Amino acid sequence: MKIKIYIIFLTAIFGMISAEQLNAQGGVVESRHKVYSIYLYNFTKYIQWPDSNKSGDFIIGILGDTGMENEIKAMAKKKNVNGRKINVTNYASVDEIKENCNILVIANSSSNLLSDVLKATANQPTLIVTNKDGLGRYGSLINFVTQNDKPTFELNLSAFEKRDLNLAQQLKTIGIVL
Amino acid sequence: MVRYIFTIKIAFAFLLGILGGQQAGAQVILLDRVTEYLQNDQLQQARDAIDLATENEATKGDQRTWYLKGFTYKELYNAHPDSSADFRDTALQALEKCQAMDDTTFTGDCSQVMSYIYTTYFNDAVEAFNSQRYQGALDTFQIYIDYIETKEEQPNYAEALYYAGFASYILEKDQQAREYYEGALEKEFYKPLLYDNLSTIYQEQGEETLALEMIRKGRDRYPENNNLHISLINLLLAQEKYFEAEKEVESYLEKDPQNVEVMLVAGTIYGQIAAMDTTNNQKYFQKRKRIYEKALAEQPDNPTANYNLGILLYNKSVDLINNDAENYEMDLGAFNQLLNRCTNLFKEAIPYLTKVREMDPANRKTLKALENIYHYLNRKQELANVRQQLDSLDK
């Protein structure tokens, strides 16, 4: 008897194509803030504070909601400034800003307080850092900006001189000197 | 009415024979009549006659009776293969009885008819299989297998084992499939799918070494079979043997360089290796980038390739910021150079992620990545658009 057998073709299937996993660190918009925190630490290396401001904790103050507080605190946990512990402090108002505040970061939402801050800290070696177009010329010492799509910073040299803060040449090479 | 008359005639012939003391003659008459009916294709009459003969004291001890019964019912099956009456079963019972008798005159003839009948079971099983009635196919193959395995000559035995295995595999009766397949292999029956399926079964039963051995044997025997090659790659991935998988997938791409699916698998493999072997991170980043670019050269709108390349570039930039630059002691100039790289990577990622966004506007991961990119690049309008789209997904 004739036996009929049909051939069955089956196509193998790849079961193992996977999508690249998104490198997500909890929240999302953190890359730029991470960059700022690294810059801030670099500022502590490339800026010299007067002797009167070289003891005790190194204070980084934050005025308003900068969105980068977590990154700054994370940096403060890992690093120190010449052996000094980095203390991150939130200020609710200009009046709370302490004399020994080494770096003050002003949130965009509080940028209208810049002139008050400048007045309140006029005789202090406090590095004022902002993050809004135009504030560098307005008086902040360092203003984070974007140039050619890259986060960078402006340096107001005359503002530095008024506050007895010395900055290293490397900062002038990398930043935008106003 | 006609049938009734025939039956009466046969019974009458018997009676005459017995009353006349000519018992032997009556047997011959009746059985000859069966033969005559069969020759004239009068199957129903043959059936009636032989059924009587198997009941009658004079004929039921005669081997020829049972042989003729077997033959008659075989013919009935041939004439009515779809009948609900199980003619084959009746035939086989009769033939077995014939073979069990001391007289061996018809033993050879019985074997021939039985062989014929079992071959019809085999063919039925094949037909059931081809019609995707796998349980029916399996049951019927088993009938054939039970018969043929006791015989010296075993036509189609290995095939029956193979297809029974295949049916079992499709029915997810893995252990049963395994036994059939191993039986077919012992009979030196070879098919690519046998190696493939048996390898899969071994893997699922936790026998990884056997699984790999089996697929490699299949590859040795059928080196040009692409499905086996793919199965080997899948298996190596499942067993996390990524370096071997890398060799195999690259060898596959040499013979099929335009196969986008394989390219994407290669990307997956490179990603696994990169995760394991961070010392070669840059090397495997470049390999993944190149393979996804090749895939997109073939299929520019392939969603997986677009997504994977976009996220790869995005992740690389994020990793640079998080990992390399985590080292706060990095020289400011070096950090500045790093930011240049990050900027370029983010910008390179945008068109791919944008394409995915167009194809799949609800893909949250794509939108999150774009949100981070636009925030980093300080592109306020694009950032606002993405955030608006994300907000609308939350509603």
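> What is the right way to read the overall build of chain B from this model?
Within chain B one finds 19 helices and zero strands. Principal-axis analysis of the C-alpha atoms places the extent of chain B at approximately 125 × 45 × 30 Å. Buried residues in chain B amount to 49% of all 395 residues. Contacts spanning at least 24 positions in sequence make up 55% of the contacts within chain B whose residues lie at least 6 apart. Only carbon and sulfur atoms are counted for the fraction: they give 47% of the accessible area of chain B, which is about 18,900 Å². Within chain B, one finds 41 positive and 61 negative side-chain charges whose respective centroids are separated by 7 Å.

> How should helix H15 (residues 281-298) of chain B be read in this particular structure?
Because an α-helix completes one turn every 3.6 residues, residues spaced three or four positions apart along the sequence face the same direction. Residues and elements named next belong to chain B. Helix length check: H15, at 18 residues, gives a terminal C-alpha distance of 26 Å against a target of 26 Å (1.5 Å per residue), a fit within 8%. Looking only at H15, the buried set comprises Tyr 284, Phe 285, Lys 287, Arg 288, Lys 289, Ile 291, Tyr 292, Ala 295 and Leu 296. Considering only its buried residues, H15 is in contact with helix H13 (242-255), helix H14 (260-276), helix H16 (303-322) and helix H17 (332-359).

> Would you take a moment to explain the pairing of strand S7 (residues 142-147) of chain A for this structure?
Successive side chains on a regular strand alternate, one facing one side of the sheet and the next facing the other. All names here are of chain A. Pairing of strand S6 (residues 127-130) with S7, which is carried by two bridges, proceeds in the parallel orientation. Residue pairing across strands places Val 129 opposite Ile 142, the latter belonging to S7. Counted along the chain from S7 to the antiparallel partner strand S8 (residues 150-155), the turn is two residues long, and its residue Asn 148 has a positive phi close to 50 degrees.

> What exactly am I supposed to notice about the packing of helix H8 (residues 157-170) of chain B against helix H10 (residues 192-204) of chain B here?
Helix packing for two helices is described by the angle between their axes and how far apart those axes are. All names here are of chain B. Contact geometry for H8 and H10: axes closest at 11 Å, N-to-C directions at 45 degrees. If you check the angle between H8 and H10, you find them oblique. Considering how the two elements wind past one another, H8 and H10 form a crossing that is left-handed. Counted together, Tyr 162, Phe 166 and Tyr 169 of H8 and Leu 193, Leu 194, Asn 197, Thr 200 and Ile 201 of H10 form the full contact between these two elements. Of the residues assigned to the contact of H8 with H10, the class counts are six nonpolar, two polar and no charged.

> Sorry, what's going on with the interface of chain B and chain A here?
The extent of an interface is frequently quoted as the accessible surface area lost upon association of the parts. Of the residues lining the interface, 66 residues belong to chain B; the matching set on chain A comes to 49 residues. Around 5,200 Å² of area is buried between chain B and chain A when both sides are counted, 59% of it from carbon and sulfur atoms. A per-residue breakdown of the area chain B buries against chain A is headed by Tyr 328, Leu 332 and His 375 of chain B, which together make up 16% of the total. At the boundary of chain B with chain A, the tally comes to three salt bridges. Among the ionic pairs, Arg 379 of chain B bridges to Asp 149 of chain A, the shortest N-O distance being 3.1 Å.

> Where do I start with the side chain of Ser 37 of chain A in this structure?
Within the element layout of this structure, Ser 37 of chain A appears in helix H1 (residues 31-46). Overall, the relative accessible area of 0% leaves Ser 37 of chain A in the buried class. Other than its neighbours up to four places away in sequence, Ser 37 of chain A contacts Glu 71, Ile 72 and Met 75 of chain A together with Tyr 328 of chain B.

> Can you walk me through the pattern of salt bridges in this structure?
Oppositely charged side chains may form a pair once their charged atoms are brought near each other. Counting across every chain of the model gives 23 salt bridges over all chains. A salt bridge links Lys 74 of chain B to Glu 75 of chain B; the shortest N-O distance between them is 2.6 Å. For Lys 74 of chain B, a relative accessible area of 9% puts it in the buried group. Residue classification places Glu 75 of chain B among the partly exposed positions, given a relative accessible area of 22%. A salt bridge links Arg 216 of chain B to Glu 244 of chain B; the shortest N-O distance between them is 2.7 Å. Here Arg 216 of chain B, found in helix H11 (residues 208-221), pairs with Glu 244 of chain B, found in helix H13; they are 28 residues apart in sequence, far enough to count as distant. Each of the salt bridges in this network shares a partner with another, and the network as a whole consists of Asp 149 of chain A together with Lys 347 and Arg 379 of chain B.

> When you look at the sheet that holds strand S4 (residues 84-91) of chain A in this model, what are you seeing that I'm missing?
Picture the strands of a sheet paired through backbone hydrogen bonds; they go either parallel or antiparallel. Residues and elements named next belong to chain A. Strand order in the open sheet formed by eight strands is S3-S4-S2-S5-S6-S7-S8-S10, with mixed pairing between adjacent strands. One side of each edge strand has no neighbouring strand; the edge strands of this open sheet are strand S3 (80-81) and strand S10 (176-177). Relative to S8, S7 runs antiparallel, the two being bridged by six bridges. Bridge assignment links Thr 146 to a residue of S8, and that residue is Pro 151. Helix-sheet contacts for helix H2 (residues 69-78) involve strand S2 (58-63), S4 and strand S5 (101-106), and the interaxial angle to S4 is about 160 degrees.

> Just checking my understanding: could you explain the packing of aromatic side chains for this structure?
For any pair of aromatic rings, geometry is given as the distance between the ring centres together with the angle between the planes. All names here are of chain A. The full count for this structure, using the stated rule, is 29 aromatic pairs over all chains. An angle of 80 degrees between the planes, with centres 5.2 Å apart, marks the rings of Phe 43 and Phe 153 as edge-to-face. Placement of the pair is Phe 43 in helix H1 and Phe 153 in strand S8, with a sequence separation of 110 residues. Given a relative accessible area of 0%, Phe 153 falls into the buried group.

> Any chance you could explain the confidence of the model for chain A here in plain terms?
Low pLDDT means the predicted coordinates in that region are not meant to be read closely. Residue and element names in this part refer to chain A. Chain-level pLDDT for chain A is 86 on average; 87% of the residues reach the 70-or-more range. Confidence over residues 1-5 falls short of pLDDT 50; this stretch has 15 contacts with residues more than four positions distant or in other chains. When the criterion is pLDDT under 50, residues 7-12 qualifies, and its contacts beyond four places in sequence or with other chains add up to 10 contacts.

> How do you make sense of the packing of helix H7 (residues 134-148) of chain B against H8 of chain B when you look at a structure like this?
All names here are of chain B. As a packed pair, H7 and H8 sit with axes 9 Å apart at the nearest point and diverge in direction by 150 degrees. Considered as vectors, H7 and H8 are oriented roughly antiparallel to each other. Where H7 crosses over H8, the handedness of that crossing is left-handed. The residues of H8 that touch H7, namely those facing Tyr 134, Leu 138, Phe 141, Tyr 144, Ile 145 and Ile 148, are Tyr 157, Ala 160, Leu 161, Tyr 163, Ala 164, Ala 167, Ser 168 and Ile 170. When grouped by side-chain class, the residues that make up the contact of H7 with H8 number 13 nonpolar, one polar and no charged.

> So what exactly am I meant to see when it comes to unusual backbone geometry here?
Where the residue is not glycine, phi is negative for most of them; where a peptide bond is considered, it is trans in most cases. You will see that Asn 82 of chain A, though not glycine, has its phi angle at about 50 degrees, which is positive. For Asn 82 of chain A, the position within the fold is in the loop between S3 and S4. One non-glycine residue with positive phi stands out, namely Asp 41 of chain B, at about 65 degrees. With respect to the secondary-structure elements, Asp 41 of chain B resides in the loop between helix H2 (23-39) and helix H3 (43-55).

> Looking at this model, I keep getting lost on the nonpolar core. Mind explaining?
Within soluble globular proteins, side chains that are nonpolar tend to cluster in buried spots. Of all hydrophobic cores here, the largest spans 178 residues; its most connected members are Phe 43, Ile 47 and Leu 127 of chain A together with Phe 141 of chain B. Every residue in contact with Phe 43 of chain A, bar those within four places of it in the chain, is listed here: Trp 49, Leu 127, Ile 142, Phe 144, Phe 153 and Leu 171 of chain A.

The rules behind these values
Residues numbered from 1 in each chain as written. Chains lettered and ligands numbered in written order. Predicted model: local features only at pLDDT ≥ 70, side-chain atom pairs only at ≥ 80, totals over all residues. Heavy atoms only, no water. Helix = DSSP H or I, 4+ residues; strand = E, 2+ residues; numbered from the N terminus. Buried < 20%, exposed > 50% of the residue type's maximum accessible area, 1.4 Å probe, protein only. Contact = heavy atoms within 4.5 Å. Areas by Shrake-Rupley, 256 points an atom, 1.4 Å probe, with all protein chains shown as cover. Lys, Arg positive; Asp, Glu negative; His and termini not counted. Charge placed at Lys NZ, Arg CZ, Asp CG, Glu CD. Expected span 1.5 Å × (residues − 1). Pairing = 2+ DSSP bridges. Axes fitted to C-alpha atoms, helices over the stretch in contact; angles between N-to-C directions. Parallel < 35°, antiparallel > 145°, perpendicular 65-115°, else oblique. Left-handed = near helix turned anticlockwise from the far one by under 90°. Nonpolar A, V, L, I, M, F, W, Y, C, P; charged D, E, K, R; others polar. Buried area = accessible area lost by both parts, 1.4 Å probe. Salt bridge = Lys/Arg side-chain N within 4 Å of Asp/Glu carboxyl O. Phe/Tyr/Trp six-rings, centres within 6.5 Å; stacked < 30°, edge-to-face > 60°. pLDDT = per-residue confidence, 0-100. Core = buried A, V, L, I, M, F, W, Y, C linked by side-chain atoms within 4.5 Å.

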